[in-house]
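Residue strings, one per chain:
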Amino acid sequence: MLFYASEKYPVEDSYSKYITEHGGSTNAYTSSEETNYHFDINADCFSEALDRFAQFFIKPLMSADATMREIKAVDSENQKNLLSDGWRMRQLQKHLSKEDHPFHKFSTGNMDTLHVKPQARGVDTTSELIKFYEEHYSANIMHLVVYGKESLDKIQDLVEGMFQDVQNTNKTIPRFPGQPCTSEHLQILVKAVPIKQGHKLNVSWPVTPSIHRYEEAPCRYLGHLIGHEGEGSLFHALKTLGWATGLSAGEGDWTLDYSFFTVSIDLTDAGHEHMQDILGLLFKYIQLLQQTGVCQWIFDELAAICETKFHYQDKTPPMSYIVDIASNMQIFPARDWLVGLSLPSKFNPATIQKVVDELSPSNARIFWESQKFEGQTDKNEPWYNTAYSLEKITSSTIQEWVKSAPDVNLHLPAPNVFIPTDLSLKDAKNKETAPVLLRNSPFSRLWYKPDTIFSKPKAYFKMDFNCPLAVSSPDAAVLTDIFTRLLMDYLNEYAYYAQVAGLHYGVSLSDNGFELTLLGYNHKLRILLETVIEKIANFEVKPDRFAVIKETVTKEYQNYKFRQPYHQAMYYCSLILQDQTWPWTEELEVLSHLEAEDVAKFVPMLLSRTFIECYIAGNVEDNEAESMVKHVEDVLFNDPKPKCRPLFPSQHLTNRVVKLEEGMKYFYHQDGSNPSDENSALVHYIQVHRDDFAMNIKVQLFGLVAKQATFHQLRTVEQLGYITALAQRNDSGIYGVQFIIQSSVKGPGHVDSRVELLLKNFESKLREMSDEEFKSNVTALIDMKLEKYKNLKEESRFYWQEIQKGTLKFNRKEAEVAALRQLQKQELIDFFEEYIKIGAAKKKSLSIRVYGSQHLKEMAGDKGEVPSPSVEIEDIVGFRKAQPLHGSFRGCGQPKL
């Protein structure tokens, strides 16, 4: 509500408009103990933006009309969350606590709580908001962080001038002492029915908030051990038994007065049948921690990892940085505002032991989720209607489970060999400002970019295995997916140590096969690389692990139908546009027939023809980069019995996108895949052009100019839905824009008509735009493009995208800035009239309409009302096969060294 207007700036939403038009963004959140407001903006416009922001804390305007619209936005957000298991289970945990404690309350709000019930009691919500503001918003309990390019003196002058009128009523920060859980809410076993397939086990204990001993970090120490995934860990034991696919442990839901330590375990079907054994092993591991005592070497190792991470941390986006600091200022003494929880430094075994003692059977709250409990529950949580049952469980019962649990070798982790000890910076001989093609062979191509900006002992390593077989059919896509997951599974207990030490890795599907990513400290990166390549070269299928992975993937596919409707619409849009993609329903059908031997036969064929696209950047010398790629080639291609052979020239893969017809409107109508979901969604996509600097900037500038108008009209004024966005779209170098709206109040046909009306009204807005406003938007876009990369990962993602798409325009930002500096307002108007406006000669639009349960009856009528000329897409794959395709940037000719 605060962001709507103020006495000094009374035009509604003018703050958001100003921020958006000058390359920024704005947001706010409320957590258990604080509300945090924040924005970022191009540096040249910072002063006015800060003044607009300050006025919300001096003299905000809150009208009844705006309040009602914001209530509808909150209600729409709540509608979106009603079928989300994360929200449902969190509220169930809150529900099972003391009714007079704030923890127990409904944490978001809806139409009922914010309007219907207050109105029935004669309470005016707007008046209550103003009263709340006056009671709680006082300068003495606020903290402000300002991050700008000006000198500290200048920033201080700005802040003092703009914020001096923020009222100080000397409030005290409200505290809510006392624990949310009494004995009635402990020693409980709760069985709950989730929306999605899968079984979960959550065990939580109320513990002493470690924030009061943050330098001693008791919960971080325990989370590190209980959540470890190396050999001897609880997770390793559960994984070996085939009972779990994931485990996390740590402190959550903490405040200054109460806290919970939680262990979350994702169970397999077999694990669900062994819940008592799993809990027995969990408490057995906690007993191990009791018996071995608190180990100084483990604390010291953890502290060393944290210290290295802190000293060599990457720069983050300024907004994330200031949000964290403002939050820290509420909690920590001034000396630790920038550090927060980052540096455990004081070893105090008594503090850690105290929390270990609190993780006892008598304090446990066990939440067990599974659809198998359908029909076996007798209660419903009131806000989300989650079905559950509750039973008390005694300490002696849990002790019985501990005694009868399998005899597995649980032990503490080994010392971490991946902790970097060489953090020196290499002297890059080549001060390249863009990637260079360092090596090109029939087997691979290496792009190299030394770090000349960030001065961190880190590297970024990408390897894309282009395998024609991987994208040849739904069967091949599923088999490739299972292969990458098995690889990750086999690597886990070894490579988990690397992850802990700050060297991250991943093997995942890519558009043309699968890709390997390594990112982090460069010192021991090669050791990890060699291990991964050895696993690929000597890949074998372990039938027991295949069964677990197959079960996991099957559930993921079955849960596709529970995705948010706007995600479904975006999926259909991609399926229509992108060649060589397969419907998830076909992939699910493939899965049901797969056996371990199918994967064993497939992988050698997958690897038999491959080309590896490589990118290595960061604190790595060119000869090291070449040596790494040469090693991979030697293992995979140059062995006496090679696993891989090079691609034939005709096999190099392309990425192709459907070419929509000019002047034509395309429609795809589909009912939502979850019959219980009332929300509908629309993706209104306009395809424009193939990658070209002069055209790209027009698409981007239109997106910037129209973004806030779209949000204001469709969400703020018309209240169509919480999820409302205008975004650019880039499919393998084919550019366009898309309107994305999810609504529980209107069907997608109506929403589509409102998008069309918005575009109709935008014609006059564009023509009436002043030269000054046009220049302001151009400047904002230029500033956004010229913004420096914050870290190696950000820089590398940009270059890798150019390599992967085949566009190879490493100078893209500079070239587009040069084109923007030449752009005239009339050119933007001409672009809009030619490609975007209603009835434009070259317009190519595609409307994906997904119907929720309450709008399903509108589908037939909407189909009958589509305008002419138009195409109704009935069969996506059939339509795609009949359409011409844009040319591919990728796989067409090889760049030369």
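Preceding this section is the structure that the text describes.
The shown structure was predicted, so the numbers you read here are calculated from the model rather than taken from an experiment.

**Student:** How do you make sense of the overall build of the protein chain when you look at a structure like this?
**Tutor:** Within the protein chain, the secondary structure is distributed over 30 helices and 23 strands. For 897 residues, the compact-globule estimate of 2.2 N^0.38 gives 29 Å, and the protein chain sits close to it at 29 Å. Taken along the three principal axes of its C-alpha coordinates, the protein chain extends 85 × 75 × 60 Å. Within the protein chain, buried positions represent 53% of all 897 residues. Intrachain contacts of the protein chain at a sequence separation of at least 6 include 82% that bridge at least 24 residues. Accessible surface for the protein chain amounts to roughly 38800 Å². Of this, 51% is attributable to carbon and sulfur atoms. Across the protein chain, 97 positive and 119 negative side-chain charges occur, with their mean positions spaced 2 Å apart.

**Student:** Would you take a moment to explain a nonpolar patch on the surface for this structure?
**Tutor:** On the surface, Tyr-147, Tyr-321 and Leu-338 cluster together to form a nonpolar patch covering roughly 310 Å² of accessible area. With respect to the helices and strands, Leu-338 occurs in the loop between α13 (318–329) and α14 (349–358).

**Student:** Help me out: how do you make sense of the nonpolar core in this one?
**Tutor:** Inside soluble globular proteins, nonpolar side chains tend to come together where they are buried. Of all hydrophobic cores here, the largest spans 91 residues; its most connected members are Ile-536, Leu-636, Leu-846 and Ile-848. Counting residues per element, this core draws most heavily on helix α16 (residues 474–500), at twelve residues. Ignoring sequence-local partners within four residues, the contact set of Leu-636 consists of Phe-465, Ile-533, Ile-536, Ala-537, Ile-612, Pro-642, Lys-643 and Cys-644. In terms of nonpolar packing, the next biggest core, distinct from the first, is built from 53 residues, Trp-243, Ala-244, Leu-288 and Val-356 among them.

**Student:** Any chance you could explain the pattern of salt bridges here in plain terms?
**Tutor:** Side chains that differ in charge, positive against negative, can pair when their charged atoms come close. Using the criterion set out here, one finds 49 salt bridges in the structure. Glu-12 serves as the salt-bridge partner of Arg-69, at 2.7 Å between the closest nitrogen and oxygen. With a gap of 57 residues between them, Arg-69 in helix α3 (residues 64–81) and Glu-12 in the loop between β1 (5–6) and α1 (14–21) connect regions that are remote in the sequence. Residue classification places Arg-69 among the buried positions, given a relative accessible area of 10%. Using a relative accessible area of 26% as the deciding quantity, one classes Glu-12 as partly exposed.

**Student:** Could you clarify how one ought to interpret unusual backbone geometry in this entry?
**Tutor:** Note that the residue after Ser-868, namely Pro-869, is joined by a cis bond; omega there is -5°. Here Pro-869 shows up in the loop between α29 (859–864) and β23 (870–872). The phi dihedral of Gln-187 is positive, around 55°, even though this residue is not glycine. With respect to the helices and strands, the residue Gln-187 is situated in the loop between α7 (152–163) and β5 (188–192). Judged by its relative accessible area of 22%, Gln-187 falls in the partly exposed class. Unlike most non-glycine residues, Asp-253 shows phi in positive territory, near 55°. Looking at Asp-253, the relative accessible area reads 26%, which means it is partly exposed.

Criteria and thresholds
- Every residue gets a number counted from 1 within its own chain, in the order that chain's sequence is written.
- Where local features are concerned, this predicted model is filtered to residues with pLDDT of at least 70; where side-chain atom pairs are given and counted, the filter is 80 or more; whole-chain, interface and lining totals use all residues.
- Side-chain figures throughout are based on the complete set of non-hydrogen atoms in the structure, without hydrogens or water.
- Working definition: helices are DSSP H or I runs of at least four residues, strands are E runs of at least two. Numbering for both runs from the N terminus.
- Our radius of gyration looks at C-alpha atoms and nothing else; its globule reference is 2.2 Å times the residue count to the power 0.38.
- Working definition: with a 1.4 Å probe on protein chains only, accessible area under 20% of the residue-type maximum means buried, over 50% means exposed, and in between means partly exposed.
- The criterion used for residue contact is that any of the two residues' heavy atoms lie within 4.5 Å.
- What sets the accessible areas is the Shrake-Rupley method with a 1.4 Å probe; for residues, cover comes only from the shown protein chains.
- Only four residue types enter the tally: Lys and Arg on the positive side, Asp and Glu on the negative side, with His and both chain ends excluded.
- Charge placement uses NZ in Lys and CZ in Arg. For Asp and Glu, CG and CD serve respectively.
- Two joining distances apply to patches: 9 Å for like charges and 5 Å for nonpolar side chains (Val, Leu, Ile, Met, Phe, Trp, Tyr), and every residue must have over 30% relative accessible area and no salt bridge.
- When a carboxyl oxygen of Asp or Glu is within 4 Å of a side-chain nitrogen of Lys or Arg, the pair counts as a salt bridge.
- Take the buried Ala, Val, Leu, Ile, Met, Phe, Trp, Tyr and Cys residues and link them wherever side-chain atoms come within 4.5 Å; each set so joined is a nonpolar core.

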